[in-house]
Number of protein chains: 2
Amino acid sequence: MRIYASVPFSRVKITGDFWHERLETVLTRTIPSQLKMLEKSDIRGSIKLPKPVPPLTQPRRPNGFTVQVFWDSDIGKWIEAASYALSHRRDPDVEAEIDAMVDDLAKAQADDGYLNCWYLQREPENRWTNIRDNHEMYNAGHLLEGAVAYYQATGKDRFLKIMERFCDHIAATFGPNPGQKRGYPGHQEIELALVRAWHATGKRKYLDLATYFIDERGNTDGVEHYFDIEARERGQDPAAYSFAGHEYSQAHLPVRQQTKVVGHAVRAMYMYAAMADLAAEHNDAALKAACEALWRDVTERRMYVTGGFGPSEHNEGFTKDFDLPNDTSYAETCASVAMVFWAARMLNLDLDGQYADILELALYNNSLAGLSQDGEHYFYDNKLESDGSHHRWAWHFCPCCTMNVARLVASVAGYFYGVADSEIAVHLYGGAETTLPVAGGQVTLSETSNYPWDGKIRIDLTPEGTGPFTLSLRIPSWSEGATAKVNGEAIDMMIERGYLKITRDWAAGDTVDLDLPMRPERLYAHPDVRHDVGRVALRRGPLVYCCEQHDNDQPVNRLRLPRNAALTAKAKPDLLGGITVIEAAAKAEDANAWANHLYATKRAPEIDTVLTAVPYYIWCNREPNPMQVWVQE
Amino acid sequence: MRIYASVPFSRVKITGDFWHERLETVLTRTIPSQLKMLEKSDIRGSIKLPKPVPPLTQPRRPNGFTVQVFWDSDIGKWIEAASYALSHRRDPDVEAEIDAMVDDLAKAQADDGYLNCWYLQREPENRWTNIRDNHEMYNAGHLLEGAVAYYQATGKDRFLKIMERFCDHIAATFGPNPGQKRGYPGHQEIELALVRAWHATGKRKYLDLATYFIDERGNTDGVEHYFDIEARERGQDPAAYSFAGHEYSQAHLPVRQQTKVVGHAVRAMYMYAAMADLAAEHNDAALKAACEALWRDVTERRMYVTGGFGPSEHNEGFTKDFDLPNDTSYAETCASVAMVFWAARMLNLDLDGQYADILELALYNNSLAGLSQDGEHYFYDNKLESDGSHHRWAWHFCPCCTMNVARLVASVAGYFYGVADSEIAVHLYGGAETTLPVAGGQVTLSETSNYPWDGKIRIDLTPEGTGPFTLSLRIPSWSEGATAKVNGEAIDMMIERGYLKITRDWAAGDTVDLDLPMRPERLYAHPDVRHDVGRVALRRGPLVYCCEQHDNDQPVNRLRLPRNAALTAKAKPDLLGGITVIEAAAKAEDANAWANHLYATKRAPEIDTVLTAVPYYIWCNREPNPMQVWVQE
């Protein structure tokens with residue numbers, strides 16, 4: 001396998017308006033306001049051991065679970081997001097706050113390295129007795145990612161050392177050797193965190209631990225399922241588990257045998273990301289093949305048109321093929337964010353535009369919808385249709401999505417470029433500048449565009465000491481008739497699996513002009529997606545659109561877009577900070593003709609109207625109102 | 001107001017095939033099998049006091065509620081249904097079983113008349129402390145209905161006397177006088193039962209108690225809401241009630257001020273039925289006007305096309321206008337059965353075909369769907385669309401619907417006729433014979449037809465000693481171009497509010513032939529029913545149809561019925577016991593063209609297919625399979 005490396009966000013400067021605005025909002029509003037919410041919600045206080053023990057603010061469920069069990073992860077995720085902010089701009093106040101958190105964690109850590117504030121405060125005797133439900137390793141993973149990010153942003157390694165001690169404790173506790181527990185996380189996350197720690201520290205034991213967790217998962221070859229052993233040891237009947245069969249945590253089968261995406265969507269996506277990491281680390285074809293099978297399954301059968309995943313609230317996850325209800329869609333923000341992580345890793349394994357297409361889809365739509373324009377309101381679940389009752393909230397009793405979208409946006413520049421020996425791949429557009437090592441030298445590459453509103457892209461190259469190399473420019477699957485020029489001269493479009501390949505001996509001052517036609521277009525769903533039958537969605541470039549009531553005269557649920565109606569893109573600089581809307585002549589049944597009837601043998605006459613659609617990611621930034629992605633055709 | 005009286009089922013003989021088959025099934029299979037299930041599920045044992053106390057088979061909810069709290073009602077409803085069976089055919093074994101139940105209830109009854117087996121067994125000190133949640137009066141109502149029915153079927157009054165003692169106790173406990181509780185049932189039901197007791201015994205105090213409950217309900221004029229007083233006395237915070245505001249039990253406003261149907265659908269329907277009863281008893285125009293406003297609200301905004309009510313599982317009830325999702329529809333069988341009760345009472349208040357139309361709709365569709373062809377399997381909630389995962393069950397932890405549909409079918413003959421001084425109204429057709437007092441004499445009236453499969457109806461009249469009277473024959477709103485003949489001669493169709501009025505000095509041997517054309521037709525929903533947008537339902541006569549996968553080559557969710565496709569009714573004597581299906585040339589998108597794509601910018605070509613629809617009431621009597629009422633047009 002040819003493995004590509006991502007170019008870290010800290011080496012890429014966002015220059016384009018779209019992401020610059022989102023990034024500034026996250027840095028100046030989201031991250032500071034989240035710190036306030038962590039304090040207000042007692043999450044900040046929960047790591048101050050031994051006192052006070054925060055009271056239970058949420059009732060425990062029958063299995064003893066409470067969301068407070070994963071408050072450590074919220075601390076970890078905020079530190080990670082805040083560290084990304086520090087990479088953009090150092091800020092002594094933020095550093096002081098993180099250092100204070102690290103102090104608290106240092107005080108809390110047990111002598112043997114164990115670190116979980118919930119257990120240490122409330123039931124230290126029960127640590128590692130319920131890794132199926134109680135998130136000790138999930139918390140460890142997020143703290144570890146925070147520690148790595150803080151180290152990379154500031155060079156300070158105290159937090160990383162704390163987490164290394166904890167990881168060493170975990171590695172001693174879990175494993176295949178006598179006296180060790182043959183367990184693995186109930187909520188995957190630590191696996192990909194350990195790979196990041198391996199990259200940050202060069203300590204192979206972290207890679208080995210991640211590998212163990214992935215390899216052991218779902219293993220019942222000659223042994224009882226670990227979660228069942230553990231349940232019996234707690235005095236619980238394994239069969240009474242509310243997610244019997246362990247599909248919920250993708251522990252129903254060894255991972256290399258998994259071909260269907262099942263269970264809790266966030267757990268799944270984090271695990272697939274780790275599998276892709278390990279496939280690359282170990283050149284593991286079986287693991288890569290499993291990733292590919294799971295990828296096909298989710299993208300061909302179980303994905304919303306907005307790049308959301310997991311329709312069901314019950315398991316926060318997957319149900320069955322083509323089951324994608326719109327008004328009850330769960331499509332958790334975290335799951336889309338995690339899909340970006342997975343897709344980026346697949347792209348490194350295998351430079352194929354299908355991965356970048358989904359990365360872009362999940363990023364610009366379901367993920368970005370999770371964060372309000374003001375940077376301080378959120379969606380946890382993302383509906384594709386609302387009667388007006390689904391609103392953004394300022395906080396959530398389970399605030400996982402808030403910090404996930406913050407850390408994604410704060411590091412979004414890290415998804416733009418990939419590099420391999422003598423090739424540079426440009427995955428995303430939108431104004432980004434970087435200097436990369438390639439073909440024996442380095443090249444400064446500056447991409448300028450008004451993406452995602454316009455598909456006209458210019459790339460300036462300034463190589464230094466490089467031999468010939470290939471510039472691989474992603475041609476999104478949504479763009480038809482893309483053209484390119486090098487130094488003003490049209491070139492043949494040699495597109496290989498979604499990337500235009502331009503191999504040259506590049507010289508300083510070389511430019512590439514890429515034109516990705518961005519036409520508003522209709523999308524239809526597979527006829528087995530019963531909720532979308534007879535309906536159409538709108539897309540322009542990477543953005544999926546929706547109809548909000550605010551922009552439409554007729555109730556959005558009554559709108560009908562005739563098959564032959566032309567779609568027009570219109571820039572609206574004064575609307576929602578400057579967006580492009582899609583307009584079309586449309587029809588709506590005249591409800592006046594329905595007075596006093598709920599059902600009738602004839603349809604009412606239709607009246608003419610105009611349908612106006614706005615990008616999905618920006619919906620619900622005005623007063624609450626009805627919204628619809630799939631419109632009757 | 002001119003008040004019509006229903007003709008009791010025991011005076012009407014069902015001669016037509018359709019109802020005869022359903023009735024025989026209920027008498028020979030449903031009622032006996034329900035007795036077995038009552039025994040198996042410990043409900044039968046729960047009235048054997050003082051021992052054994054049945055263990056809690058369902059966890060209590062936070063408010064202390066468990067479904068076992070209403071097991072008395074299940075006993076009452078079974079006795080009622082079984083008593084109807086006895087009215088058809090005496091059966092000493094069934095009588096012995098009811099007598100044994102009555103013995104148990106007699107033993108259980110407290111010295112002061114109180115009778116509630118749950119409280120008497122477990123917490124006698126807490127009686128009447130939570131009438132909001134704990135169903136003491138609901139149970140009393142169903143036991144009372146059972147007692148009245150048993151008395152009417154057999155002349156045995158022991159059970160009725162027990163219940164009279166209990167009602168006397170309730171009347172002493174609740175009321176406006178000093179020392180009395182100003183309460184009323186949290187789950188309405190006893191109100192209509194008390195009216196039945198008043199009719200059966202002639203004791204006006206029962207009517208007075210029903211009137212008190214209805215008049216006092218939701219009264220906060222100078223007093224705190226009774227359910228809040230009661231909650232505080234239990235040490236509970238009234239504001240912590242999960243259905244705060246008391247819309248759940250329609251106690252949010254005095255009933256005469258209610259204009260929107262809200263809350264728990266079964267509670268609502270039972271209450272509206274009682275309101276209609278009392279409007280008739282007291283000639284109460286305000287109460288009648290409230291019934292009419294509520295009727296308009298539910299039928300014009302909140303009713304499924306199948307005559308189901310209450311879309312939400314959360315409150316087992318109403319949500320908002322036009323919110324009628326198909327795949328998550330709750331549409332409880334009990335609510336439709338109760339709608340039949342209410343509609344019949346509205347029809348007595350006011351002979352208007354709109355009431356009979358809804359009565360028929362609810363009866364033949366959502367209600368009847370609740371009972372399987374074999375008479376031993378049930379639907380509690382009635383979906384209008386299923387991916388194949390919604391099945392009938394042999395019993396339910398909350399078996400209210402099973403006995404409700406049994407008592408409805410066992411007494412269905414009671415909904416066919418109404419009578420007032422010199423008028424006979426025929427509400428339903430399907431083969432029914434009765435002898436009625438009218439216009440100073442009596443008339444034997446025999447209606448023969450193959451309804452609901454055929455709209456050709458013949459009525460033979462044999463008057464004895466009557467003066468001229470009016471025969472009012474319902475012309476359903478679904479029938480266009482109805483014609484009638486008297487003694488073979490066509491008559492003018494003098495239709496008044498849905499009834500053809502034929503006034504004559506009738507003679508023995510007179511016949512009326514009524515022809516109600518029964519064409520398969522399309523139904524459309526109000527455009528604000530967003531789940532039905534672009535879709536069509538099929539109806540023929542009183543029956544709403546649905547597409548089951550068994551009868552269709554293409555997956556039902558892919559079927560598209562073109563606007564101009566002809567609908568053909570075809571009798572299928574060998575299918576499901578003999579039904580008429582609707583067939584039409586239809587289209588379906590070719591899923592083969594969708595290989596490996598979930599979304600595409602073009603629709604796939606359509607292939608020709610045939611759509612076959614079966615009556616909704618009979619769905620899910622073969623192997624589980626997908627089903628759809630609303631088909632894409």
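For the structure, see preceding data.
Okay, so let's go over this structure. Every value quoted in this text rests on a predicted model; they were computed, and no experiment measured them.

Parameters and conventions
Throughout this document, residue positions are counted from 1 along each chain, in the order its sequence is written. Labels follow written order: the first chain is A, the first ligand is 1, and so on. The model is predicted, so local features are restricted to residues of pLDDT at least 70 and side-chain atom pairs to those at 80 or more, both for listing and for counting; the totals for chains, interfaces and linings are taken over all residues. No hydrogens and no water enter the side-chain calculation; it runs on all heavy atoms of the structure. For Phe, Tyr and Trp, rings pair up if their centres lie within 6.5 Å, where Trp contributes its six-membered ring, and each pair is then called stacked (planes under 30 degrees apart), edge-to-face (over 60) or tilted (otherwise). Helix and strand labels come from DSSP, where a helix needs a run of H or I of at least four residues and a strand needs a run of E of at least two; each type is numbered from the N terminus. Partly exposed residues are those whose accessible area sits between 20% and 50% of the maximum for their type, while under 20% is buried and over 50% is exposed, using a 1.4 Å probe and protein chains only. Superposition of the copies used a least-squares fit over C-alpha atoms from residues whose pLDDT is at least 70 in both. The contact criterion used is simple: two residues touch if any of their non-hydrogen atoms lie within 4.5 Å. For helices, the axis comes from a line fit to the C-alpha atoms of the stretch in contact; other axes are also lines fit to C-alpha atoms, and the angle between any two N-to-C directions lies between 0 and 180 degrees. Helix crossings are classified by the rotation of the near helix relative to the far one: an anticlockwise turn of less than a right angle makes the crossing left-handed, while a clockwise turn makes it right-handed. Nonpolar residues are Ala, Val, Leu, Ile, Met, Phe, Trp, Tyr, Cys and Pro. Charged residues are Asp, Glu, Lys and Arg, and all others, Gly as well, are polar. When DSSP finds two or more bridges between two strands, those strands count as paired. Only protein atoms enter the calculation, which uses a 1 Å grid: trapped sets of points that fit a 1.4 Å probe without letting it out are cavities, open sets showing protein on both sides within 12 Å along at least five of seven lines are pockets, and any residue with an atom within 4 Å of a point is a lining residue. Grid points are joined across faces, edges and corners, and a volume is the space filled by probe spheres set on the points.

**Looking at the packing of aromatic side chains**
Residues and elements named next belong to chain A.
Step number 1: Taken as a whole and assessed by the stated rule, the structure comprises 63 aromatic pairs over all chains.
Step number 2: Ring geometry for Phe70 versus Tyr138: centroids 6.3 Å apart, planes at 75 degrees, classification edge-to-face. With Phe70 in the loop between helix H1 (17-40) and helix H2 (71-88) and Tyr138 in helix H5 (residues 136-154), this pair connects stretches of sequence that are 68 residues apart. We note that Phe70, like Tyr138, is buried.
Step number 3: Connected via pairs of aromatic rings, a cluster forms that spans Phe18, Trp19, Tyr364, Tyr429, Tyr451, Trp453, Trp478 and Tyr617.

**Examining the relation of the copies chain A and chain B**
Step number 1: The transformation that overlays chain A on chain B combines an axial shift of 0.1 Å with a rotation of 180 degrees, and the residual RMSD is 0.0 Å. These values place the two chain copies in the arrangement generated by a two-fold rotation axis. When each C-alpha of chain A is compared by its distance to the rotation axis, Gly534 of chain A comes out closest, at 3.5 Å.
Step number 2: When you check the interface residues of chain A against chain B, 100% turn up at the interface there too, and the contact is symmetric in its surfaces.

**A look at the packing of helix H10 (residues 265-282) of chain B against helix H11 (residues 285-301) of chain B**
When two helices pack together, their arrangement is given by the angle between the helix axes and the distance between those axes.
All names here are of chain B.
Step number 1: In the contact formed by H10 and H11, the axes pass within 8 Å of each other and the chain directions differ by 145 degrees. In this structure, the crossing between H10 and H11 has a hand that is left-handed. Contacts between H10 and H11 pair Met269, Tyr272, Met275, Ala276, Leu278 and Ala279 from the former with Leu287, Lys288, Ala290, Cys291, Leu294 and Val298 from the latter.
Step number 2: When grouped by side-chain class, the residues that make up the contact of H10 with H11 number 11 nonpolar, no polar and one charged.

**Some points on the sheet that holds strand S6 (residues 432-438) of chain A**
All names here are of chain A.
Step number 1: Here seven strands make up an open sheet; going across it, the order is S2-S6-S7-S8-S14-S10-S11 and the pairing antiparallel. In the strand order of this sheet, the two ends are held by strand S2 (12-14) and strand S11 (489-490), each with one partner.
Step number 2: With seven bridges joining them, S6 and strand S7 (residues 441-449) adopt antiparallel strand pairing. Bridged to Glu433 within S7 is Ser446.

**Describing empty space enclosed by the protein**
All names here are of chain B.
Step number 1: In total, this model carries seven cavities of 30 Å³ or more according to the counting rule given.
Step number 2: In this structure, the largest cavity spans a volume of roughly 70 Å³.
Step number 3: Every residue lining the largest cavity is counted, 12 residues in all, and those nearest its centre are Ser46, Gln68, Trp71, Cys117 and Trp118.
Step number 4: If you list the elements that add at least two residues to the lining of the largest cavity, you get helix H2 (71-88) and helix H4 (117-122).
Step number 5: No other element matches the four residues that H4 contributes to the lining of the largest cavity.
Step number 6: Among the residues forming the lining of the largest cavity, the class breakdown is five nonpolar, five polar and two charged.

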